[in-house]
Amino acid sequence: MAQKLLSNINSPAHLKQLPEEDLARVAQELRAFIIDIVAAKEGHLGASLGVVELTIALHYVFNTPDDQLVWDVGHQAYGHKILTGRRDVFHTNRDLGGISGFPKRSESVYDTFGTGHSSTSISAALGMAMASALKKEDRKHIAIVGDASIASGMAFEALNHAGVSGADVLVILNDNAIGIDPSVGALKEYLTKTKSGKETGSDNIFESLHLDYSGPIDGHDLPLLIKELKRQKSLKGPRLLHVRTVKGKGLKQAEIDQVRYHAPGKFDKITGEITPSDTSKLPPKFQDVFGLTIVELAKQNDRIVGITPAMPTGSSMKIMMEELPDRAFDVGIAEQHAVTLAAGMVTQGLVPFCNVYSTFLQRAYDQVIHDVALQKLPVVFCLDRAGIVGKDGATHHGVFDLAYLNCIPDIIIAAPMDAVEMRDMMFTASQGLDLPIAIRYPRGRGKIVDWQQPFTLMEIGSSRLLHEGKKIAVISIGPIGTLIQGVIKEEQLSVTHLDIRFLKPIDTRALELIFENYDHIITIEDGTVVGGLGSVVGDLAFAKAYQGKVHKLGVPDSFMEHGPTADLHKIAGIDKGTVLKLIKELL
Ligand SMILES: Cc1ncc(C[n+]2csc(CCOP(=O)(O)OP(=O)(O)O)c2C)c(N)n1
Ligand SMILES: CC(=O)[C@@H](O)[C@H](O)COP(=O)(O)O
Ligand SMILES: [Mg+2]
């Protein structure tokens with residue numbers, strides 16, 4: 001589609017110069033532009049398509065960036081980026097060195113608050129509004145939050161405070177009745193029932209929280225949106241505008257299959273069809289190893305249950321939700337609740353597998369310590385997307401878990417090298433442990449095709465010696481060990497390789513043997529080098545007065561940007577080239 005209008009919009013000021021009648025055309029062009037680029041470059045599609053009109057109306061009515069827009073999660077902000085001076089670089093979205101897929105303060109003054117994790121926008125906008133009030137500045141603060149994200153505890157905490165704050169904050173609830181997967185919970189039903197102004201027959205939940213509620217209104221009706229936003233602009237105080245939109249709006253397939261088109265990968269920009277790829281002969285994704293294995297285990301042990309906070313598709317918990325619907329639960333974007341719910345279940349004799357993306361477990365840190373580890377409740381945490389995740393970038397890399405879990409007493413920390421080990425770890429955990437366990441594994445596929453081997457019970461804290469050599473011992477944790485195996489084999493290196501498997505309890509006997517027999521130890525992990533495997537081995541080496549040298553390879557002490565995972569591994573120095581170079585230098 002010709003970008004007649006969009007090609008002249010380099011900032012919201014240009015948008016504002018257009019007559020209101022032209023905005024529908026801008027919406028068409030903006031949608032086409034997003035589809036064009038995301039079809040080829042991948043990324044988050046559905047959410048951005050759904051807020052095209054809302055984005056245009058917000059920048060048309062409000063005086064951005066002086067008036068501050070705070071996007072929740074930020075995966076819907078593509079239109080916002082394109083209208084705020086990033087149209088010509090939008091094709092670099094999520095590339096190494098390109099723009100981020102999420103709002104980022106260092107990228108633009110229009111990105112008022114960095115995001116990626118959900119449910120932060122109301123707190124942030126409220127903070128800005130309170131600061132403006134104290135500074136006696138007259139500007140508007142607007143949080144745009146989705147129906148799944150507003151159901152999270154943090155969003156509720158902010159709403160509860162906003163209602164009594166007196167602050168000039170507008171919360172726009174972008175209600176499309178879906179998260180990545182269908183939204184869950186009573187609030188979803190409440191929002192669906194809310195027909196106009198106040199829900200008939202009962203108090204409006206937002207008004208009960210002292211927010212001035214308006215809506216719901218059609219979020220694709222531009223004239224109506226503009227009229228309502230102008231009215232909102234003239235108001236003051238905490239208020240909430242309920243807007244109904246359709247996720248994927250404007251691309252038929254994306255509207256029909258909203259889960260798939262949340263982030264569909266490459267697709268045909270004309271037909272909308274997702275580019276087919278034959279994955280049948282590939283090794284499975286780790287998430288599917290989880291999803292298929294938990295069903296297998298749960299069929300043998302009726303005490304096993306599954307919990308996911310809003311990621312049934314991404315974690316493959318949906319396999320269990322389909323096969324054993326009474327025993328697998330999507331609790332919504334509620335990581336803290338998911339963890340303590342699991343803890344509660346353990347007290348009653350269940351064996352909950354609580355599957356949380358590594359990066360999102362950060363939000364439930366206190367629950368892991370206070371509700372689980374402190375009480376020695378054997379919750380089985382399956383931490384998906386551990387390590388560098390690629391194009392989602394700094395907000396989503398699961399690189400801190402080894403470090404943040406390792407300092408907690410009474411928790412077992414495991415990382416399988418491959419799918420077979422992962423199955424065995426899950427099996428071992430399902431047999432009943434007396435401590436909680438975290439099993440971390442990365443985004444993407446492993447290397448083993450024939451992975452559904454009979455289960456083997458593992459000894460907790462035991463490592464696996466994979467190769468014996470001289471002078472140098474490489475200690476790996478997780479699937480990065482496969483890379484080490486490959487390097488040793490291809491280059492016929494005479495080095496020792498230990499798959500440590502458990503960071504806690506660590507195999508001190510195996511490590512002591514290494515301290516006694518090798519001049520150099522290389523630790524390698526897909527996680528931060530500060531506090532992870534390298535630190536643990538380094539500390540133990542020091543305590544044992546090891547005379548050799550410990551070389552720690554891992555993600556450096558800085559936030560990793562976005563880009564293809566392989567490129568980021570190189571930048572972090574956990575790639576084949578770096579390992580080989582180091583070994584050759586040491587040999
Ligand atoms: C704390 C946290 N948990 C989980 C996610 C993963 N996640 C990203 S978007 C999303 C759904 C958001 O749904 P909603 O707020 O309704 O926005 P929509 O996608 O419908 O626009 C989820 C669960 C996240 N980003 N942050
Ligand atoms: C925006 C968000 O948080 C999710 O959509 C995330 O990008 C999912 O990551 P995966 O693609 O690894 O499931
Ligand atoms: Mg939604």
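Reading the values: the criteria
Residues numbered from 1 in each chain as written. Chains lettered and ligands numbered in written order. Predicted model: local features only at pLDDT ≥ 70, side-chain atom pairs only at ≥ 80, totals over all residues. Helix = DSSP H or I, 4+ residues; strand = E, 2+ residues; numbered from the N terminus. Expected span 1.5 Å × (residues − 1). Buried ≥ 20, exposed ≤ 12 C-beta atoms within 10 Å, placed from the backbone. Contact = placed C-beta atoms within 7 Å. pLDDT = per-residue confidence, 0-100. UniProt positions renumbered as here; feature names shortened; annotations may be inferred. Near = placed C-beta within 6 Å. Domains from an automatic or database assignment. Nonpolar A, V, L, I, M, F, W, Y, C, P; charged D, E, K, R; others polar.

A.B. asks: Provide a residue-level description of helix 12 (residues 286-300), including the pertinent values.
C.D. replies: Taking 1.5 Å per residue, 15 residues should reach 21 Å; helix 12 reaches 21 Å between its end C-alpha atoms and fits that length. Taken together, the buried positions of helix 12 are F286, Q287, V289, F290, G291, T293, I294, V295, L297 and A298. Tucked inside the fold, the buried residues of helix 12 contact strand 6 (304-308), helix 13 (312-315), helix 14 (318-323), strand 8 (351-357), strand 9 (380-384) and helix 19 (419-430).

A.B. asks: Summarise the environment of K376; cite the residues concerned and give the values.
C.D. replies: The topology assignment puts K376 in the loop between helix 17 (365-373) and strand 9. Given 14 C-beta atoms within a 10 Å radius, K376 is considered partly exposed. Once the C-alpha coordinates of K376 and V356 are considered, the two residues, 20 residues apart in sequence, prove to be 19 Å apart. For K376, the contacting residues outside a window of four places in its chain are D410, D434 and L435.

A.B. asks: Break down the confidence of the model for the protein for me, with residues and values.
C.D. replies: Detail in the predicted coordinates should be disregarded across regions flagged by low pLDDT. Taken residue by residue, the protein gives an average pLDDT of 97. The fraction at 70 or more is 99%. At the level of chain-chain contacts, confidence expressed as ipTM amounts to 0.99, with global pTM at 0.97.

A.B. asks: Go over the UniProt feature "binding site: Mg(2+)" (unreviewed entry) in the protein, please, and point to the residues and values.
C.D. replies: According to UniProt, the feature "binding site: Mg(2+)" (unreviewed entry) maps to D147 and N176 in the numbering used here. Spatially, the listed residues are clustered: although they cover 30 residues, their C-alpha atoms lie within 6.7 Å of one another. Looking at the element boundaries, D147 is found in the loop between strand 2 (141-146) and helix 7 (153-165). Beyond its immediate sequence surroundings of up to four residues, D147 is in contact with L173, D175, N176, A177, S183, K188 and L191. Mapped onto the fold, N176 is located in the loop between strand 3 (169-175) and helix 8 (186-193). Accessibility expressed as a C-beta count within 10 Å gives 23 for N176, which makes it buried. When neighbours within four sequence positions are excluded, N176 is seen to be in contact with G50, D147, T245, V246 and K247.

A.B. asks: Explain the site of ligand 1 to me, using residue names and the numbers behind them.
C.D. replies: As a matter of local geometry, ligand 1 sits amid 21 residues, with S118, G146, A148, S149 and G179 nearest to it. Viewed by domain, the shell around ligand 1 spans two of them, domain 1 (6-262) and domain 2 (286-440), each represented by three or more residues.

A.B. asks: Got a sec to walk through the site of ligand 2? Specific residues and values, please.
C.D. replies: Surveying the vicinity of ligand 2 reveals the residues H44, V73, H75, I180, A263, G314, R385, V389, D392 and R443. Of the residues belonging to the shell around ligand 2, the class tally is four nonpolar, three polar and three charged. There are two domains that each give the shell around ligand 2 at least three residues, and those are domain 1 (6-262) and domain 2 (286-440).

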